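Reading the structure
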Amino acid sequence: LAACGKKNNGTGGGKTVTLGFSQVGSESGWRSANTTSIKDAAGAAGINLKFSDAQQKQENQIQAIRDYITQKVDVISFSPVVSSGWDTVLKEAKAAKIPVILTDRQVDADASLWVSLVGSDFEAEGERAAHLLEKVLGQSSGPVNIAVLEGTTGSAPATQRAAGFKKVMDASHPEWKIVASQTGNFTRDGGKQVMAAFLQSHPEANVLFAHNDDMALGAIQSIQAAGRKPGTDIKIVSIDGVHDGFVAMTQGQINAIAECNPLLGPQLMDTVKKVLAKQSVEKWIKTQESDFLAADAASALPNRKY
Ligand code: GYE
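Figured I'd write up the structure that's included with this text. (Residues numbered from 1 in each chain as written. Predicted model: local features only at pLDDT ≥ 70, side-chain atom pairs only at ≥ 80, totals over all residues. Heavy atoms only, no water.)

On to the overall build of the chain, then. When its secondary structure is counted, the chain shows 11 helices and 12 strands. Each principal axis of the C-alpha atoms in the chain carries an extent, and together these give about 70 × 40 × 35 Å. The long-range fraction of contacts in the chain, counting pairs at least 24 apart against all pairs at least 6 apart in sequence, stands at 74%. Surface exposure of the chain reaches about 13200 Å², of which carbon and sulfur atoms provide 51%. Taking the 31 positively charged and 32 negatively charged side chains of the chain as two groups, their mean positions are separated by 6 Å. (Helix = DSSP H or I, 4+ residues; strand = E, 2+ residues; numbered from the N terminus. Contact = heavy atoms within 4.5 Å. Areas by Shrake-Rupley, 256 points an atom, 1.4 Å probe, with all protein chains shown as cover. Lys, Arg positive; Asp, Glu negative; His and termini not counted. Charge placed at Lys NZ, Arg CZ, Asp CG, Glu CD.)

Now the structure itself:
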């Protein structure tokens, strides 16, 4: 009777669906928007969401997934903090006949262990960031000394954004030089600290490629503290397109952003329902994204959804 009283119970007829979701953490503005999107979309779809935050630790995610298996949830979904090391727990889910849908980040595991991935093409984002840098540099001549703030080591977005950026460099820009590259863990504080060290060890750096906006925003503080002008003395290109990143673009502090859309909730809930209804789903449900230069930021800002 309780189920009958519900307008929408996630399957259109049967019992309420329970989805166990393990989130990476709350490291960035992107992640906060992603969490909100998943919670809101579950509510709207009438799906019972069990949500846990792994605080950027793989062992916490593995534990959360094991708990969801024990609780016999209908579907498990997670955004894997790093790419490797998932085979054992994914086999456990398979043995329990619980489908696994990946969101956001990919895993290096046998593709038969997960049903579908809802997320972005990170290598394409790295390539897009490099093409944005071409536009930012325009006709200017002189050395291009790039400092890179990498995302979490071993995570799909860090590995693939670096690879995509390098692909464009190797193909078209022998004159670009990466002078320093280190992880800032996708956090503002990480970006701030690593950039402060780069400014000391590599004063020749005149470009920053940050794997996400939050690290760029942290770096901006260190660049200003060093008496240099972000966006002018050091050109900055980042990835995500969170609200504060857009504000920094309107101020000319970030020169360009390759968008990575965190609003994956609706597509995830849709995929959950299809999988349970035994409908076919694409192996990789890719996210639509755009590129923005600082000049576009002011007009785009009012329409940003995250
Ligand atoms: O770019 C970053 C977040 O996995 C795409 O994780 C995501 C990345 C995003 O911390 O801000």
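Having put the structure on the table, let's press on.
Attention shifts here to empty space enclosed by the protein. A full pass over the atoms with the stated rule returns 1 cavity of 30 Å³ or more. Space inside the largest cavity adds up to approximately 80 Å³. Lining the largest cavity are 13 residues, and of these Trp30, Arg31, Arg105, Arg161 and Asp240 sit closest to its centre. Elements represented by at least two residues in the lining of the largest cavity include exactly helix H2 (29-45) and helix H6 (156-172). Within the lining of the largest cavity, the residues separate by chemical class into 5 nonpolar, 2 polar and 6 charged. (1 Å grid on protein atoms, 1.4 Å probe; cavity = no way out; pocket = protein on both sides within 12 Å on 5 of 7 lines; lining within 4 Å. Points joined across faces, edges and corners; volume = space filled by probe spheres on them. Nonpolar A, V, L, I, M, F, W, Y, C, P; charged D, E, K, R; others polar.)

Next up on the list: the site of the ligand. In the vicinity of the ligand lie 13 residues, with Glu27, Asp104, Arg105, Asn212 and Asp240 positioned nearest. Within the side chain of arginine 161, a nitrogen or oxygen atom sits 2.9 Å from an oxygen atom of the ligand. Relative to its free-state accessible area of 300 Å², the ligand is covered by the protein chains to the extent of 100%. When atoms are counted within 2 Å of each cavity's grid points, the one that captures over half of the ligand is the largest cavity. Breaking the shell around the ligand down by element, the ones donating at least two residues are H2 and H6. Considering only residue class, the shell around the ligand consists of 5 nonpolar, 2 polar and 6 charged. (Near = heavy atom within 4 Å. Polar contact = N/O pair within 3.5 Å; in protein donor to acceptor, adjacent residues only side chain to side chain. Sits in = over half its atoms within 2 Å of the grid points.)

We now examine the sheet that holds strand E4 (residues 100-103). In spatial order, the strands read E2-E1-E3-E4-E5-E11; together these 6 strands make up an open sheet with parallel pairing. Two strands lie at the open edges of the sheet, namely strand E2 (48-53) and strand E11 (284-286), each paired on one side alone. Sheet twist, expressed as the average angle between the axes of neighbouring strands with direction ignored, equals 20°. As paired elements, strand E1 (residues 18-23) and strand E3 (residues 75-78) share 4 bridges and run parallel to each other. Residue leucine 19 lies in a different strand from E3, and its bridge partner there is valine 75. Sheet strands touched by helix H3 (residues 58-70): E1, E2 and E3. Its angle to E1, the strand with the most contacts, is close to 170°. (Pairing = 2+ DSSP bridges. Axes fitted to C-alpha atoms, helices over the stretch in contact; angles between N-to-C directions.)

Further remarks concern the packing of H3 against helix H4 (residues 87-95). Contact geometry for H3 and H4: axes closest at 10 Å, N-to-C directions at 10°. On the basis of their axis angle, the class for H3 and H4 is roughly parallel. Contact residues: H3 offers Ile62, Ile65, Arg66 and Ile69, while H4 offers Thr88, Val89, Glu92 and Ala93. Residues belonging to the contact of H3 with H4 are distributed by class as follows: 5 nonpolar, 1 polar and 2 charged. (Parallel < 35°, antiparallel > 145°, perpendicular 65-115°, else oblique.)

A few words now on the side chain of glutamine 61. Locating glutamine 61 in the fold gives a position in helix H3. On the basis of relative accessibility, which here comes to 0%, the residue glutamine 61 falls in the buried class. Polar side-chain contacts of glutamine 61 include one of 3.0 Å to the backbone nitrogen of valine 81. If we ignore the near neighbours within four places in the chain, the residues touching glutamine 61 are Ser22, Gln23, Val24, Ala54, Phe78, Ser79, Pro80, Val81 and Trp86. (Buried < 20%, exposed > 50% of the residue type's maximum accessible area, 1.4 Å probe, protein only.)

Under the counting rule described, the total for this entry stands at 17 salt bridges. Of the charged contacts, one joins arginine 188 and aspartate 244 as a salt bridge, the two residues approaching to 2.9 Å between their closest N and O atoms. Taken together, the residues span a long stretch of sequence, with arginine 188 in helix H7 (residues 188-201) and aspartate 244 in helix H9 (residues 243-250) at a distance of 56 residues. With relative accessibility at 34%, the residue aspartate 244 sits in the partly exposed group. Between arginine 304 and glutamate 259 there is a salt bridge whose closest N-O contact spans 3.0 Å. (Salt bridge = Lys/Arg side-chain N within 4 Å of Asp/Glu carboxyl O.)

Compared with an ideal rise of 1.5 Å per residue, which puts 16 residues at 22 Å, helix H5 (residues 122-137) spans 23 Å between its outermost C-alpha atoms and is within 8% of the ideal. The N-cap residue of H5 is aspartate 121: its side-chain oxygen and the backbone nitrogen of glutamate 123 are 3.3 Å apart. Just past H5, the residue glycine 138 takes up positive phi, approximately 50°. (Expected span 1.5 Å × (residues − 1).)

Quantified by volume, the largest pocket comes out at close to 240 Å³. What lines the largest pocket is a set of 16 residues, and nearest its centre among them are Leu137, Ser140, Ser141, Gly142 and Val144. Grouping the amino acids of the lining of the largest pocket by side-chain chemistry returns 5 nonpolar, 7 polar and 4 charged.

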